[in-house]
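Structure at a glance
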Amino acid sequence: MATTPDPQDLSALVADCAACAGLCCVAPGFDAGDDFAFDKRALAPCRHLGSDNLCRIHETLEDQGFPGCARFDCKGAGPYVMQHIFPRKRWRKDRETLEAIAEAYRRMRAICDMIELFRVAENLPLSPSQETARRDMLDRLLPQTAWTADTLAQAEMGGLLSDARAVLSSFRDAATRR
Ligand code: SF4
Ligand code: SF4
């Protein structure tokens, strides 16, 4: 029987394209240039994305003009959105679903970037109160009850990321003690 993934499992926060739905290949737009071989509009699937939502040129991204894709790491935002927030939803079915998934993915990416910084901060010589603040903020960034589209939007409006930046700034003295 399939088990429900633990929403607080930090080790599960890694890019896993098989557990995702090609979110980085449909949600954001990009411009032709050094990183991408052509322009793509936001919410339009890349022309190299297969119907299985996997990249058809994954092995040759750099050679085909997509070093930006080769370097990209969603840090687990895509699988989190598709496993916890929109399980069993298919973005190809309707525009409204696609827009909702893309918004959740954008917000979750920002949270995953922040989680990475708080995980790296574990290696700093933090005081006990700073370590408590680090763990508390990780709990806010990855709550026990999985994020939903609504709670992600509320967290963004409520300033979760600016709170997290403020806590990170308070670690500056520890960074200089290293
Ligand atoms: S969002 Fe992440 S997991 Fe999903 S396809 Fe892109 S890199 Fe893979
Ligand atoms: S080239 Fe591949 S990895 Fe890059 S956006 Fe297109 S489908 Fe995704």
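In this report, we go over the structure that sits alongside the text. Source: prediction; values computed, not measured.

**Examining the nonpolar core**
Grouped together as the largest cluster of nonpolar side chains are 41 residues, with contacts concentrated most on Val 81, Met 108, Phe 118 and Trp 147. Of all the elements in the fold, those that place two or more residues in this core are helix H2 (77–85), helix H3 (95–120), helix H4 (128–141), helix H5 (149–157) and helix H6 (160–169). Ranked by residue count, the leading element in this core is H3, at 11 residues. If near-sequence neighbours (up to four positions away) are discounted, Met 108 is found in contact with Ala 77, Tyr 80, Val 81, Leu 142, Trp 147 and Leu 152. With seven residues, the next largest nonpolar core counts Phe 36, Phe 38, Cys 46 and Phe 66 among its residues.

**With respect to unusual backbone geometry**
The residue Leu 43 is not glycine, and still its phi comes out positive at about 70°. Relative to the helices and strands, Leu 43 is located in the segment before helix H1 (67–71). The buried category is assigned to Leu 43, whose relative accessible area is 18%. A positive phi angle, near 65°, is found at Asn 53, a position not held by glycine. Residue placement: Asn 53 occurs in the segment before H1.

The rules behind each value
- Residues numbered from 1 in each chain as written.
- Chains lettered and ligands numbered in written order.
- Predicted model: local features only at pLDDT ≥ 70, side-chain atom pairs only at ≥ 80, totals over all residues.
- Heavy atoms only, no water.
- Core = buried A, V, L, I, M, F, W, Y, C linked by side-chain atoms within 4.5 Å.
- Buried < 20%, exposed > 50% of the residue type's maximum accessible area, 1.4 Å probe, protein only.
- Helix = DSSP H or I, 4+ residues; strand = E, 2+ residues; numbered from the N terminus.
- Contact = heavy atoms within 4.5 Å.

Just geometry here; none of it tells us what the structure is for.
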